[in-house]
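# Notes for the structure review
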Amino acid sequence: MIRIEEMQVAKTRKKQYVNNISIPKEVVVEILRRVPCEELFETLKKVCMQWCSIIYSGSFAYSHVECGILKSSSFFSQYEAVVFDQIDNTRSISVSALEWQSRPFPNYPDEDLETKYMYTIDDVLEFQVPRMITVNSVNGFVCFWSRNARVHVLNPLTEEHFTTPPYTYEIRSVTPPCLAAIGFGFCQLSYEYKVVVLQEDGEGFEIKPLVFTVGTDRSWRSLKAIPDIKFGTRFEKGVYVNGVLYWYMDSCTRPRCGSNEIITSLICFNVSKEEVVTTMVPAELDIREGYESRIAQKGGNLCLVSLSYGPICSLLIKVYIADTSTDLSSFSSWKNEFNVTAPNMAYNISIKNAWSVSIVTDDMLVIRRMFTMDHLIFIDVPTGMMLSSYCLYTSAGFIPYVPSLVSLSHRPPPLLNPSVTS
């Protein structure tokens, strides 16, 4: 009997000892930063009040997504993707996840890319919207445009979403303005998100920027026009990197002496200052005849991807990383990150037709070929082999993103320097 009582006392003391163990909050935060976002949101937030408080804090959310963006430079596995579709000519949109991370590579060419329904966003469209255009993603938010001149912002994981009012434009000519470019960015000073639309005056050589601050503005704001410039035929989507939105364009200047001068340049929009700067792209970056280039982001860095045809129907791919703190018109500001020779790829991509770069990592290139049916082409960077080609049966296309818990209402803690992302 005495032996049993001693064992019970020992168990009680051990339980009290375990309950009194306290893990410093800083250690808990560091551990949770290494856990995938989906597990935090679906499971770990339910463990205890402290973990829930940490997971839902703005400083943790931004720290966590920043870690994911840095990892996305090397690993394709950091990316998820969603597609949007209007539901049977209603005002609602279905949101579905692309099941690419669970599919083994390689797969048969032109195999359908399966989707998994996530949820529905009700009453965000006008009736009879012909199509939607995907834009870009920032800090786990994805952005897309609908033809009723509205822009939609969504966090696919938390289901938080926002729809802007329709934008308007002062028509100065007989021909109505057209949407030339659009982008979605983040202000690192105020922790606010902004949508930027660039419209062309139908007959003039002028670009008119329109800006909307999500959660603050009630209407679109017009900025100073960019004169003496006109976009080419390709519609451009912005690439957001470190507080700046970039558009890559083959543009033509105002005609002089009866001819237009074609130039390749970057339009750079500072999201905080709301200022626009245009800079030339160095000719050394393979933007000469026979090459076609697009911009993308790689692990939070601006990059340029250049395609050209190689021997025996191969495709030559060069990836350059920009030092955005320097003069981007100088070749020394760009570093050749890697080159890929993709055999027999000339049959799959016509570099003169519509294509874009969706994802750039050290292990994977995802190129979107836009033709009668959109295709996603997955290229293994180390070998140059095409791992798969998927058809996208959707009117809206798709948007890749790094999952996050960031909310539009998150703001920097008052004791932190607001110029530094927490």
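Along each chain, residues carry numbers from 1 onward, in the same order as the chain's sequence is written. In view of the model being predicted, local features appear only for residues whose pLDDT reaches at least 70, and side-chain atom pairs are presented and counted only at 80 or more, with totals across whole chains, interfaces and linings using the full set of residues. Only hydrogens and water are set aside; all other atoms, that is, all heavy atoms of the structure, feed into the side-chain values.

- An unreviewed UniProt entry lists the chain under the name F-box/kelch-repeat protein At3g23880-like isoform X1, from Solanum pennellii.

### As for the layout of surface pockets
- Each cavity reported here is a set of points on a 1 Å grid over the protein atoms alone in which a 1.4 Å probe fits but cannot get out, each pocket an open set with protein on both sides within 12 Å along at least five of seven lines, and each lining residue one with an atom within 4 Å of a point. Grid points are joined across faces, edges and corners, and a volume is the space filled by probe spheres set on the points. Here the second largest pocket is characterised by a volume of approximately 420 Å³.
- Lining the second largest pocket are 20 residues, and of these E38, E42, A97, M118 and Y401 sit closest to its centre.
- Helix and strand assignments follow DSSP, with helices taken as H or I runs no shorter than four residues and strands as E runs no shorter than two, numbered in order from the N terminus. Residue assignment for the lining of the second largest pocket shows that the elements contributing at least two residues are helix 3 (37-42), strand 1 (80-86), strand 2 (93-98) and strand 4 (115-121).
- In terms of residue count, the dominant contributor to the lining of the second largest pocket is strand 4 (4 residues).
- For the lining of the second largest pocket, the per-class residue count stands at 12 nonpolar, 2 polar and 6 charged. Note on residue classes: Ala, Val, Leu, Ile, Met, Phe, Trp, Tyr, Cys and Pro are nonpolar, Asp, Glu, Lys and Arg are charged, and everything else, Gly too, is polar.

### Some details on the pattern of salt bridges
- The working definition used for a salt bridge is a side-chain nitrogen of Lys or Arg within 4 Å of a carboxyl oxygen of Asp or Glu. Per the counting criterion, the structure on display carries 8 salt bridges.
- R34 is the salt-bridge partner of E30, the closest N and O atoms lying 3.1 Å from each other.
- Notably, a salt bridge pairs E274 with R221, separated by 2.8 Å at the nearest N-O pair. A residue pair is termed long-range when its members are at least 10 positions apart, and E274 in the loop between strand 17 (262-270) and strand 18 (275-280) and R221 in strand 12 (residues 221-222) qualify at 53 residues.
- Each of K194, D217, R221 and E274 takes part in a single network of salt bridges with overlapping partners.

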